[in-house]
Amino acid sequence: MYLIPIPAFTDNYLWLLHDGEYALVVDPGEAAPVQQALAQHGLQLTSILVTHHHADHTGGVAALRDATGAQVYGPASESIPAPFTPLKEGATVHTLGLDFQVLDVPGHTAGHIAFYAPDVDGQPLLFCGDTLFSGGCGRLFEGTPAQMLASLDKLAALPGATRVCCTHEATLGNLRLALAAEPDKADLIAQELRINPFLRTRQASLVAAARRLDASADDDIAIFAALRQWKNQF
Ligand code: ZN
Ligand code: FE
């Protein structure tokens, strides 16, 4: 299988996974760059996976579905361009000969889902939408800190070798270049556990940092909330 991040807007990645003949795309906020990639590689689009309702993740869904007849899969409790197959945790999407397990990861939005395939050419693969970024996590637009913390705990518990396909480049410009130079290099859960403070908010150093921001932060959720709030004005 081939995994290609298609850059869109200022810092989005529209992930394309294909086997040389058939392809799926995740969160196509724009149709044109996806159609370009399909044409360039001679691919037929069979599936469109959507993690949440934001326009930068759904703007190209209808055009791509109309142009290709691809099946659309998305979160059951969010409004995305219909018709689509509504999904929540426990569901499995079979496509390209792969099985993607659906995970509920509320926090960035209330109904946000992620797609986890335990075995893609021998390695687990995760499409996490705007839940987890390299070195960070999504902003809490609709969900609570408790929900986001539980969602990140769920992702942190996936195998360390899991390749993580994030939908925004939140890291520095030099990593953006690194990814452009080596486009198959998705991030790994094991690496995120080392570099990402939002996956380790129970660690003493981070608890101490959170208490400097909010002296009353006295449990896991309040500590996570204080650290994530800090990022909003950092
Ligand atoms: Zn979003
Ligand atoms: Fe987004």
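What you see is a predicted model, and the numbers here were worked out from it, not measured in a lab.

### A few points about the overall build of the protein chain
Turning to step 1, where the next piece is worked out: Within the protein chain one finds eight helices and 14 strands.
Turning to step 2, where the next piece is worked out: Since a compact globule built from 234 residues should have a radius of gyration of about 17 Å, the 17 Å found for the protein chain is in line with a globular shape.
Turning to step 3, where the next piece is worked out: When the backbone C-alpha atoms are referred to their principal axes, the protein chain occupies close to 55 × 35 × 30 Å.
Turning to step 4, where the next piece is worked out: Looking at the protein chain as a whole, 50% of its 234 residues qualify as buried.
Turning to step 5, where the next piece is worked out: If you take every contact in the protein chain between residues at least 6 apart in sequence, the share linking residues at least 24 apart comes to 55%.
Turning to step 6, where the next piece is worked out: Surface exposure of the protein chain reaches about 10,200 Å², of which carbon and sulfur atoms provide 54%.
Turning to step 7, where the next piece is worked out: Of the side-chain charges in the protein chain, 14 are positive and 25 negative, and the distance between the mean point of each set is 8 Å.

### Structural notes on helix α4 (residues 145–156)
Turning to step 1, where the next piece is worked out: Here α4 is twelve residues long and its end C-alpha atoms lie 16 Å apart, about the 16 Å a rise of 1.5 Å per residue gives.
Turning to step 2, where the next piece is worked out: Those residues of α4 hidden inside the fold are in contact with β8 (98–104), β10 (123–129), β11 (132–133), β12 (136–137), α6 (189–195) and α8 (220–233).

### Side note on the nonpolar core
Turning to step 1, where the next piece is worked out: Judged by nonpolar contacts, the single largest core of 29 residues is most densely connected at Leu103, Leu126, Leu132, Leu152 and Leu155.
Turning to step 2, where the next piece is worked out: The set of elements that each furnish at least two residues to this core consists of β9 (113–120), β10, β11, α4, β13 (163–166), α7 (204–213) and α8.
Turning to step 3, where the next piece is worked out: Counting contributing residues per domain, this core is built from domain 1 (2–169) and domain 2 (171–234), each supplying no fewer than three.
Turning to step 4, where the next piece is worked out: In contact with Leu152, not counting residues within four places along its chain, are Thr131, Leu132, Cys137, Phe198, Leu199 and Phe224.
Turning to step 5, where the next piece is worked out: Leu87, Val102, Leu125 and Ala186 belong to the second-largest nonpolar core, a separate cluster that totals 22 residues.

### Observations regarding the environment of Lys154
Turning to step 1, where the next piece is worked out: Considering the arrangement of structural elements, one finds Lys154 in helix α4.
Turning to step 2, where the next piece is worked out: Along the backbone, Lys154 and Lys231 are 77 residues apart, and their C-alpha atoms lie at a distance of 21 Å.
Turning to step 3, where the next piece is worked out: Once residues within four sequence positions are removed from consideration, Lys154 is found in contact with Glu89, Leu103 and Asp104.

### Here's the deal with the coordination of the iron ion (ligand 2)
Turning to step 1, where the next piece is worked out: Bound to the iron ion (ligand 2) on the protein side are Asp56 (OD), His57 (NE2), Asp130 (OD) and His168 (NE2), at distances that span 2.0 to 2.4 Å.
Turning to step 2, where the next piece is worked out: The metal-metal distance between the iron ion (ligand 2) and the zinc ion (ligand 1) is 3.0 Å, with Asp130 coordinating both. Pair noted here: His57 is in helix α2 (residues 55–58) and His168 is in the loop between β13 and α5 (173–181), with a separation of 111 residues, a long-range link. Residue His57 shares its accessibility class with His168, and that shared class is buried.

### Remarks on the pairing of strand β3 (residues 22–26)
Moving residue by residue along a regular strand, the side chains alternate between the two faces of the sheet.
Turning to step 1, where the next piece is worked out: With four of its five residues buried, β3 lies for the most part within the structure.
Turning to step 2, where the next piece is worked out: Direction of pairing for strand β2 (residues 12–18) relative to β3: antiparallel, over a ladder of four bridges. Note on β3: the bridge partner recorded for His18 is Ala23.
Turning to step 3, where the next piece is worked out: Between β2 and β3, which pair antiparallel in sequence order, lie three residues; one of them, Gly20, sits at a positive phi of approximately 100°.
Turning to step 4, where the next piece is worked out: In this structure, β3 lies alongside strand β4 (residues 44–49), joined through five bridges in parallel fashion. Bridging across to β4, Ala23 finds its partner in Leu45.

### Some thoughts on the coordination of the zinc ion (ligand 1)
Angles between donor atoms at a metal ideally measure 109.5 degrees for a four-coordinate tetrahedral arrangement and either 90 or 180 degrees for a six-coordinate octahedral one.
Turning to step 1, where the next piece is worked out: At this site the zinc ion (ligand 1) is bound by His52 (NE2), His54 (ND1), His108 (NE2) and Asp130 (OD), with donor distances of 2.2 to 2.3 Å.
Turning to step 2, where the next piece is worked out: Seen from the zinc ion (ligand 1), its four donor atoms lie at angles of 87 to 170°, and the figure they make is irregular.
Turning to step 3, where the next piece is worked out: One chain supplies every donor for the zinc ion (ligand 1), spaced along it as H-x1-H-x53-H-x21-D.
Turning to step 4, where the next piece is worked out: By relative accessible area, which is 0% here, His52 ends up buried.
Turning to step 5, where the next piece is worked out: Assessed through its relative accessible area of 17%, His54 is described here as buried.

What counts as what
- Residues numbered from 1 in each chain as written.
- Chains lettered and ligands numbered in written order.
- Predicted model: local features only at pLDDT ≥ 70, side-chain atom pairs only at ≥ 80, totals over all residues.
- Heavy atoms only, no water.
- Helix = DSSP H or I, 4+ residues; strand = E, 2+ residues; numbered from the N terminus.
- Rg over C-alpha atoms; globule rule 2.2 N^0.38 Å.
- Buried < 20%, exposed > 50% of the residue type's maximum accessible area, 1.4 Å probe, protein only.
- Contact = heavy atoms within 4.5 Å.
- Areas by Shrake-Rupley, 256 points an atom, 1.4 Å probe, with all protein chains shown as cover.
- Lys, Arg positive; Asp, Glu negative; His and termini not counted.
- Charge placed at Lys NZ, Arg CZ, Asp CG, Glu CD.
- Expected span 1.5 Å × (residues − 1).
- Core = buried A, V, L, I, M, F, W, Y, C linked by side-chain atoms within 4.5 Å.
- Domains from an automatic or database assignment.
- Donors = N, O, S within 2.8 Å, 3.2 Å for Na, K, Ca; no water.
- Pairing = 2+ DSSP bridges.
- Tetrahedral: all angles 85-135°; square planar, octahedral: opposite > 155°, others 65-115°.

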